[in-house]
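# Residue-level structural notes
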Amino acid sequence: MYKIEELGFELPELPFAYNALEPYMDEETMKIHHSKHHKAYADKLKGVAEKNGFSSQKPLDLIKNINSLPKEAQKGVRNFGGGHINHSFFWTVLKKGISHDNLEVIRAIEKKFESYEKFVEQFTNASNTFFGSGWTWLVVNANKELEIINTANQDSPYSNNQKPILCLDLWEHAYYILYKWNRAEYVKNWWNIVNWEKVNEYYLEAMRE
Ligand code: MN3
(Lines give C-alpha, C1' and ligand atoms only; values in the text may rest on other atoms or scores of the structure.)
Protein backbone atom coordinates (compact mmCIF):
# COMPACT_ATOMS: atom_id res chain seq x y z
CA MET A 1 0.00 0.00 0.00
CA TYR A 2 1.24 3.51 -0.79
CA LYS A 3 2.51 5.87 1.89
CA ILE A 4 0.91 9.30 2.21
CA GLU A 5 4.27 11.07 2.56
CA GLU A 6 5.53 9.52 -0.68
CA LEU A 7 2.55 10.42 -2.86
CA GLY A 8 3.05 12.57 -5.94
CA PHE A 9 0.45 14.39 -8.02
CA GLU A 10 -0.94 11.28 -9.68
CA LEU A 11 -4.07 9.47 -8.55
CA PRO A 12 -2.93 6.53 -6.39
CA GLU A 13 -4.45 3.16 -7.12
CA LEU A 14 -7.27 2.25 -4.77
CA PRO A 15 -5.88 -0.38 -2.35
CA PHE A 16 -8.95 -2.59 -2.91
CA ALA A 17 -11.54 -3.39 -5.59
CA TYR A 18 -14.38 -0.92 -6.15
CA ASN A 19 -16.91 -3.45 -4.88
CA ALA A 20 -14.86 -4.58 -1.86
CA LEU A 21 -16.85 -2.53 0.65
CA GLU A 22 -20.30 -3.72 -0.38
CA PRO A 23 -22.93 -3.56 0.99
CA TYR A 24 -21.85 -0.69 3.26
CA MET A 25 -20.38 1.37 0.44
CA ASP A 26 -21.50 0.58 -3.08
CA GLU A 27 -19.35 -0.04 -6.14
CA GLU A 28 -20.76 2.88 -8.16
CA THR A 29 -20.04 5.39 -5.38
CA MET A 30 -16.51 4.08 -4.93
CA LYS A 31 -15.83 4.23 -8.66
CA ILE A 32 -17.02 7.82 -9.01
CA HIS A 33 -15.51 8.92 -5.70
CA HIS A 34 -12.06 7.63 -6.59
CA SER A 35 -11.79 7.93 -10.39
CA LYS A 36 -13.70 11.23 -10.74
CA HIS A 37 -13.73 13.24 -7.48
CA HIS A 38 -10.32 12.24 -6.16
CA LYS A 39 -8.77 12.39 -9.61
CA ALA A 40 -10.08 15.93 -10.11
CA TYR A 41 -8.41 17.05 -6.86
CA ALA A 42 -5.11 15.45 -7.88
CA ASP A 43 -5.24 16.93 -11.40
CA LYS A 44 -6.08 20.42 -10.15
CA LEU A 45 -3.35 20.27 -7.53
CA LYS A 46 -0.91 19.33 -10.26
CA GLY A 47 -1.99 22.46 -12.16
CA VAL A 48 -1.48 24.64 -9.08
CA ALA A 49 1.95 23.08 -8.48
CA GLU A 50 3.05 23.62 -12.10
CA LYS A 51 1.86 27.21 -12.08
CA ASN A 52 3.71 27.96 -8.83
CA GLY A 53 6.87 25.94 -9.38
CA PHE A 54 6.09 23.30 -6.71
CA SER A 55 6.17 20.28 -8.98
CA SER A 56 9.29 18.79 -7.41
CA GLN A 57 7.74 18.88 -3.92
CA LYS A 58 5.53 16.27 -2.30
CA PRO A 59 1.83 17.11 -1.91
CA LEU A 60 1.95 16.22 1.79
CA ASP A 61 4.76 18.72 2.37
CA LEU A 62 2.77 21.42 0.58
CA ILE A 63 -0.20 20.74 2.89
CA LYS A 64 1.95 20.69 6.03
CA ASN A 65 3.67 23.95 5.12
CA ILE A 66 0.69 25.68 3.57
CA ASN A 67 1.08 28.84 5.66
CA SER A 68 4.57 29.49 4.35
CA LEU A 69 3.52 29.19 0.68
CA PRO A 70 2.91 32.32 -1.40
CA LYS A 71 -0.55 33.73 -0.65
CA GLU A 72 -1.81 33.23 -4.21
CA ALA A 73 -1.04 29.49 -4.05
CA GLN A 74 -2.57 28.76 -0.65
CA LYS A 75 -6.22 28.47 -1.66
CA GLY A 76 -5.47 25.99 -4.45
CA VAL A 77 -3.25 23.89 -2.22
CA ARG A 78 -5.80 23.98 0.62
CA ASN A 79 -8.69 22.82 -1.60
CA PHE A 80 -7.03 20.51 -4.13
CA GLY A 81 -4.02 19.41 -2.08
CA GLY A 82 -6.33 18.77 0.86
CA GLY A 83 -8.70 16.88 -1.42
CA HIS A 84 -5.87 14.76 -2.80
CA ILE A 85 -4.24 13.99 0.55
CA ASN A 86 -7.47 13.52 2.54
CA HIS A 87 -8.90 11.06 0.02
CA SER A 88 -5.60 9.19 -0.30
CA PHE A 89 -5.60 8.82 3.48
CA PHE A 90 -9.29 7.84 3.63
CA TRP A 91 -8.85 4.88 1.23
CA THR A 92 -6.16 3.40 3.44
CA VAL A 93 -8.37 3.24 6.52
CA LEU A 94 -11.18 1.37 4.77
CA LYS A 95 -11.47 -2.42 4.77
CA LYS A 96 -14.27 -4.82 5.48
CA GLY A 97 -14.20 -7.32 8.30
CA ILE A 98 -11.29 -6.06 10.40
CA SER A 99 -11.62 -6.69 14.13
CA HIS A 100 -10.73 -3.93 16.57
CA ASP A 101 -9.75 -6.37 19.31
CA ASN A 102 -6.24 -6.59 20.74
CA LEU A 103 -4.79 -3.46 19.18
CA GLU A 104 -2.75 -0.83 20.96
CA VAL A 105 -4.79 1.97 19.45
CA ILE A 106 -7.90 0.50 21.07
CA ARG A 107 -6.20 0.47 24.48
CA ALA A 108 -5.37 4.15 23.94
CA ILE A 109 -8.94 4.87 22.82
CA GLU A 110 -10.30 3.17 25.94
CA LYS A 111 -7.99 5.23 28.09
CA LYS A 112 -8.98 8.51 26.43
CA PHE A 113 -12.71 7.94 25.79
CA GLU A 114 -13.54 5.41 28.56
CA SER A 115 -14.56 2.64 26.16
CA TYR A 116 -14.61 1.72 22.49
CA GLU A 117 -18.40 2.22 22.50
CA LYS A 118 -18.13 5.70 24.00
CA PHE A 119 -15.52 6.61 21.38
CA VAL A 120 -17.79 5.41 18.57
CA GLU A 121 -20.62 7.46 20.09
CA GLN A 122 -18.51 10.64 20.27
CA PHE A 123 -17.07 10.27 16.77
CA THR A 124 -20.53 9.51 15.36
CA ASN A 125 -21.95 12.53 17.14
CA ALA A 126 -19.19 14.76 15.76
CA SER A 127 -20.09 13.51 12.25
CA ASN A 128 -23.83 13.82 12.64
CA THR A 129 -23.76 17.33 14.08
CA PHE A 130 -21.28 18.68 11.53
CA PHE A 131 -22.98 21.04 9.08
CA GLY A 132 -22.06 21.00 5.40
CA SER A 133 -19.16 19.37 3.57
CA GLY A 134 -16.12 18.22 5.51
CA TRP A 135 -14.55 15.41 7.46
CA THR A 136 -14.45 13.86 10.93
CA TRP A 137 -11.02 12.72 12.12
CA LEU A 138 -9.32 10.92 14.94
CA VAL A 139 -5.92 12.55 15.27
CA VAL A 140 -2.87 12.45 17.48
CA ASN A 141 -2.43 16.10 18.40
CA ALA A 142 0.74 18.06 19.14
CA ASN A 143 0.58 16.86 22.79
CA LYS A 144 0.49 13.25 21.56
CA GLU A 145 -3.09 12.89 22.69
CA LEU A 146 -5.99 11.36 20.78
CA GLU A 147 -8.59 13.90 19.72
CA ILE A 148 -11.75 13.86 17.59
CA ILE A 149 -12.00 16.85 15.27
CA ASN A 150 -13.96 18.02 12.23
CA THR A 151 -12.50 19.93 9.32
CA ALA A 152 -14.55 21.92 6.80
CA ASN A 153 -14.35 21.44 3.03
CA GLN A 154 -10.97 19.83 2.22
CA ASP A 155 -9.02 21.33 5.11
CA SER A 156 -6.52 18.79 6.42
CA PRO A 157 -5.31 18.09 9.98
CA TYR A 158 -1.78 17.87 8.55
CA SER A 159 -1.91 21.66 8.11
CA ASN A 160 -2.45 22.06 11.87
CA ASN A 161 0.35 19.83 13.07
CA GLN A 162 -2.11 17.02 13.82
CA LYS A 163 -1.46 13.46 12.69
CA PRO A 164 -4.57 11.74 11.37
CA ILE A 165 -5.09 8.09 12.21
CA LEU A 166 -8.73 7.69 11.08
CA CYS A 167 -11.16 9.78 9.04
CA LEU A 168 -14.64 9.84 7.57
CA ASP A 169 -15.66 11.74 4.44
CA LEU A 170 -18.89 13.69 5.09
CA TRP A 171 -19.31 15.14 1.60
CA GLU A 172 -22.55 14.15 -0.13
CA HIS A 173 -20.55 12.58 -2.97
CA ALA A 174 -19.35 9.96 -0.46
CA TYR A 175 -22.78 8.48 0.22
CA TYR A 176 -25.62 10.01 -1.79
CA ILE A 177 -26.15 7.22 -4.35
CA LEU A 178 -26.70 4.58 -1.67
CA TYR A 179 -27.95 6.56 1.32
CA LYS A 180 -29.59 9.62 -0.29
CA TRP A 181 -30.42 12.17 2.45
CA ASN A 182 -29.60 9.76 5.26
CA ARG A 183 -26.07 10.70 6.25
CA ALA A 184 -26.58 9.26 9.75
CA GLU A 185 -27.18 5.80 8.26
CA TYR A 186 -24.01 6.11 6.19
CA VAL A 187 -22.04 7.07 9.31
CA LYS A 188 -23.53 4.18 11.27
CA ASN A 189 -22.72 1.59 8.59
CA TRP A 190 -19.24 2.97 8.00
CA TRP A 191 -18.06 1.44 11.28
CA ASN A 192 -18.24 -1.95 9.52
CA ILE A 193 -15.49 -0.97 7.11
CA VAL A 194 -12.88 0.65 9.34
CA ASN A 195 -9.44 -0.83 8.75
CA TRP A 196 -8.41 -0.94 12.40
CA GLU A 197 -5.10 -2.62 11.60
CA LYS A 198 -4.09 0.37 9.48
CA VAL A 199 -5.40 2.81 12.12
CA ASN A 200 -3.23 1.00 14.65
CA GLU A 201 -0.22 1.36 12.35
CA TYR A 202 -0.83 5.09 11.97
CA TYR A 203 -1.23 5.43 15.73
CA LEU A 204 2.06 3.70 16.51
CA GLU A 205 3.82 5.77 13.84
CA ALA A 206 2.41 9.04 15.20
CA MET A 207 3.45 8.19 18.76
CA ARG A 208 6.98 7.29 17.65
CA GLU A 209 7.62 10.50 15.71
MN1 MN3 B 1 -14.80 12.69 -0.95
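Residues numbered from 1 in each chain as written. Predicted model: local features only at pLDDT ≥ 70, side-chain atom pairs only at ≥ 80, totals over all residues. Heavy atoms only, no water.

So, about the domain arrangement of the chain. Looking at the assigned domains, one finds that the chain contains domain 1 (26–92) and domain 2 (104–208). On a C-alpha basis, the centres of domain 1 and domain 2 stand 20 Å from each other. Roughly 1,900 Å² is buried in total at the junction of domain 1 and domain 2, and carbon and sulfur atoms are behind 63% of that figure. Ranking the residues of domain 1 by area buried against domain 2 places Asn86, Phe89 and Phe90 at the top, with a combined share of 35%. If you look at where domain 1 meets domain 2, you find one salt bridge. Residue Arg78 pairs with Asp155 through a salt bridge whose shortest N-O separation is 3.8 Å. Taken together, domain 1 and domain 2 are joined by eleven residue pairs in polar contact (both at pLDDT 80 or more). Counting only elements with at least two residues in the side of domain 1 that touches domain 2, the list comes to helix H1 (27–52), helix H2 (59–64) and helix H3 (71–92). Element by element, the count of residues in the side of domain 1 that touches domain 2 is highest for H3, at ten residues. Tallied by class, residues from the side of domain 1 that touches domain 2 come to eight nonpolar, nine polar and four charged. (Domains from an automatic or database assignment. Buried area = accessible area lost by both parts, 1.4 Å probe. Salt bridge = Lys/Arg side-chain N within 4 Å of Asp/Glu carboxyl O. Polar contact = N/O pair within 3.5 Å; in protein donor to acceptor, adjacent residues only side chain to side chain. Helix = DSSP H or I, 4+ residues; strand = E, 2+ residues; numbered from the N terminus. Nonpolar A, V, L, I, M, F, W, Y, C, P; charged D, E, K, R; others polar.)

Moving on, we come to the coordination of the manganese ion. For the manganese ion, the protein coordination sphere consists of His33 (NE2), His87 (NE2), Asp169 (OD) and His173 (NE2), at 1.9 to 2.2 Å. Mapped onto the polypeptide sequence, the residues donating to the manganese ion form the spacing pattern H-x53-H-x81-D-x3-H. Of the two residues, Asp169 and His173, both sit in the buried class. (Donors = N, O, S within 2.8 Å, 3.2 Å for Na, K, Ca; no water. Buried < 20%, exposed > 50% of the residue type's maximum accessible area, 1.4 Å probe, protein only.)

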